[in-house]
Amino acid sequence: MSDAERLFATPAGVRLGSLELIADGKARNFVLQMKAGRFHGFVVRRGEAAFGYVDRCPHAGLPLTQTLDDYLTPDGALIACCWHGALFDPRSGACVGGPCMGQALTSWPVVVREGAIFTA
């Protein structure tokens, strides 16, 4: 898929599903098919909060994982890129280790309302 067909934003108000789809301290991949192409993102859950990011490493431009929903370090503390070992803060997306220091994941705005996750 070319970059032209891969989208990096979504419209607001799309219901992704119940917050319970994601175990606390885990992450989940979402692919949204839209007229212009596909959006690939993921959401990290921390308690009742959700943090969304475009599934693309700022260092290499590749998806962060080769395994579905496997975005976090084994202890669940950080987001990890499987290609180059870059580590990111799950609340801010800032790179905290690896080859992309000073960069950050692209935020995918999401909100939790009435127990469900929506794009914002």
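Note: the structure precedes this text.
Conventions adopted
Every chain is numbered on its own, with residues counted from 1 as its sequence reads. Where totals are concerned, whole chains, interfaces and linings use all residues; where local detail is concerned, this predicted model gives features only for residues with pLDDT of at least 70, and gives and counts side-chain atom pairs only at 80 or more. For the side-chain quantities, the full set of heavy atoms in the structure was used; hydrogens and water were omitted. Between the rings of Phe, Tyr and Trp (Trp by its six-membered ring), a pair exists once the centres lie within 6.5 Å; its type follows the angle of the planes, with under 30 degrees stacked, over 60 edge-to-face, and the other angles tilted. Secondary structure elements are taken from DSSP: a helix is a run of H or I of four residues or more, a strand is a run of E of two residues or more, and numbering for both begins at the N terminus. Relative accessibility decides the category of a residue: with a 1.4 Å probe and only protein chains considered, values under 20% of the type maximum give buried, values over 50% give exposed, and everything between is partly exposed. Placement of a positive charge over a ring is assigned whenever Lys NZ or Arg CZ falls within 6 Å of the ring centre and within 35 degrees of the normal to the ring plane. Here the rule is simple: two strands pair whenever DSSP picks up at least two bridges between them.

Visitor: A description of the packing of aromatic side chains should follow, citing residues and the corresponding values.
Guide: Taken as a whole, this structure holds four aromatic pairs when the rule is applied. Note on Phe42 and Tyr71: the rings are 4.0 Å apart at their centroids and 10 degrees apart in plane angle, and the pair reads as stacked. Taken together, the residues span a long stretch of sequence, with Phe42 in strand β4 (residues 37-46) and Tyr71 in the loop between β5 (49-54) and β6 (79-80) at a distance of 29 residues. Across the pair, exposure class does not vary: Phe42 and Tyr71 are buried alike. Each residue in the set Phe30, Phe39 and Trp108 is aromatic and connected to the rest through ring pairs, giving one cluster. Against the face of Phe118 rests Arg113, its NZ or CZ located 4.1 Å from the ring centre.

Visitor: A description of the sheet that holds strand β7 (residues 87-88) should follow, citing residues and the corresponding values.
Guide: Taken together, three strands build an open sheet; the order of strands is β6-β7-β8 and the sheet is antiparallel. This sheet does not close on itself; its edge strands, each paired only once, are β6 and β8 (95-97). Strand direction decides the pairing type here: β7 and β8, joined by two bridges, are antiparallel. The residue of β8 that forms the bridge with Leu87 is Gly97.

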